[in-house]
Amino acid sequence: MSSPVIPPSTSAPSAGRGRVAVVTGASSGIGAATAERLAAEGFDVVLAARRLDRLTALTERIGGRAVQLDVTDPTSVTAFAAGLDRVDVLVNNAGGAFDANPVADADLDSWQRTYDVNVLGTVRVTKALLPALRASGAGDVVFVGSTAGLVSYEGGASYTAAKHGVHTLAETLRLELVAEPVRVVEIAPGMVRTEEFSLNRTRSQEKADAVYRGVREPLVAADVADCIAWAVTRPHHVNVDLLVVRPRAQAAQHKVHREA
């Protein structure tokens with residue numbers, strides 16, 4: 001017999017009490033911050049990523065369960081899903097950008113990796129965990145998208161194409177699940193300074209630092225985690241379809257105030 005559903009409540013001291021949240025890409029950045037924030041909200045958090053050593057270190061500090069997961073590997077995803085007894089919240093955070101080339105100089109291996117991690121990996125995990133999310137009676141699927149999924153820009157084609165795919169995936173799934181007890185939420189951050197995102201994309205610490213140079217207060221991972229936690233702790237009849245969050249210094253994708 002499954003555990004009774006405890007709906008989220010904004011008035012409860014621990015809004016996630018009795019609920020299980022899965023966070024992919026939880027070994028660093030937004031994923032790690034989200035796992036920590038949801039644990040603080042009372043969720044039983046399952047931290048999933050390829051780097052098990054990092055997950056283990058984080059669970060020792062915040063609690064929860066660390067499970068190795070490669071979202072690009074169907075066998076890994078199947079085994080991961082089979083090891084979960086209950087899932088109330090899925091935060092699809094695993095992703096990333098791996099180049100900044102113009103289309104004329106496209107690295108197709110990078111395109112393949114970007115699409116496999118951000119789009120196909122997200123579909124694999126969502127498909128595998130949907131039965132458990134439905135069974136919870138009050139499930140949440142959160143897609144960590146990007147403003148790059150709403151607006152294109154030069155040198156970002158591989159990433160913007162993938163994040164546009166994530167945006168469309170969220171919109172489509174919400175339509176398909178409208179009669180079911182599962183919410184579909186998309187959080188679309190703008191400029192977020194984390195330890196790895198820009199470094200993985202530029203492969204140069206100098207270039208990565210230049211992305212944020214002069215921006216007095218870019219977002220940090222905890223800011224996005226705060227938005228995710230807020231969305232999944234609303235009363236379950238409230239669906240946050242799309243939440244775009246940027247630093248105040250970023251008015252649009254191309255409009256960033258930089259101090260001298």
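Our subject is the structure that appears above.
Notes on the structure in this doc start here. (Residues numbered from 1 in each chain as written. Predicted model: local features only at pLDDT ≥ 70, side-chain atom pairs only at ≥ 80, totals over all residues. Heavy atoms only, no water.)

Let's talk about helix H4 (residues 108–136)
Helix length check: H4, at 29 residues, gives a terminal C-alpha distance of 40 Å against a target of 42 Å (1.5 Å per residue), a fit within 8%. At Leu130, H4 shows its maximal kink, close to 45°; a proline, Pro131, follows between one and four residues later. Of the residues flanking the start of H4, the one acting as N-cap is Asp107, its side-chain oxygen 3.0 Å from the backbone nitrogen of Asp109. Of the residues trailing H4, Gly137 is marked for its positive phi of about 85°. (Helix = DSSP H or I, 4+ residues; strand = E, 2+ residues; numbered from the N terminus. Expected span 1.5 Å × (residues − 1). Bend = angle between axes of the 7 residues up to and from the residue. Polar contact = N/O pair within 3.5 Å; in protein donor to acceptor, adjacent residues only side chain to side chain.)

A word on helix H1 (residues 29–40)
Taking 1.5 Å of rise per residue, twelve residues should cover 16 Å, and H1 covers 17 Å from first to last C-alpha, within 8% of that figure. When we look at burial in H1, the residues that qualify are Gly29, Ile30, Gly31, Ala32, Ala33, Thr34, Ala35 and Leu38. (Buried < 20%, exposed > 50% of the residue type's maximum accessible area, 1.4 Å probe, protein only.)

Some remarks on the environment of Leu133
Position of Leu133 among the secondary structure elements: in helix H4. Exposure remark for Leu133: the relative accessible area of 0% places this residue in the buried category. Sequence separation between Leu133 and Pro74 is 59 residues; the distance between their C-alpha atoms is 19 Å.

Looking at the environment of Asp140
Looking at where Asp140 falls in the secondary structure, it is placed in strand E5 (residues 139–144). When the C-alpha atoms of Asp140 and Val240 are compared, they prove to be 11 Å apart, with 100 residues separating the residues in sequence. Residues contacting Asp140, with those up to four places away along its chain left out, are Arg19, Asp88, Val89, Leu90, Leu133, Arg183, Val232 and His236. A distance of 3.1 Å separates a polar atom in the side chain of Asp140 from a polar atom in the side chain of His236. (Contact = heavy atoms within 4.5 Å.)

Side note on the sheet that holds strand E6 (residues 182–189)
Ordered in space as E3-E2-E1-E4-E5-E6-E9, the seven strands form an open sheet in which the pairing is parallel. What marks the edges here is a single partner per strand, and that holds for strand E3 (65–68) and strand E9 (242–245). Across the sheet, the mean angle from the axis of one strand to that of its neighbour is 15°, orientation sign disregarded. Pairing of E6 with E9 involves four bridges; the strand directions are parallel. Each residue of the ladder has a partner; that of Glu186, found in E9, is Leu242. Strands in contact with H4 are strand E1 (20–24), strand E4 (89–92), E5 and E6; relative to E4, the strand with the most contacts, it is inclined by about 165°. Packed on one face of the sheet, helix H5 (residues 157–176) meets E5, E6 and E9 and runs near 155° to E6. (Pairing = 2+ DSSP bridges. Axes fitted to C-alpha atoms, helices over the stretch in contact; angles between N-to-C directions.)

Some thoughts on the packing of aromatic side chains
On inspection of all chains with the given rule, the structure shows zero aromatic pairs. Stacked on the ring of Phe98, the Lys or Arg Arg113 has its end atom at 3.8 Å from the ring centre. (Phe/Tyr/Trp six-rings, centres within 6.5 Å; stacked < 30°, edge-to-face > 60°. Lys NZ or Arg CZ within 6 Å of the ring centre and 35° of its normal.)

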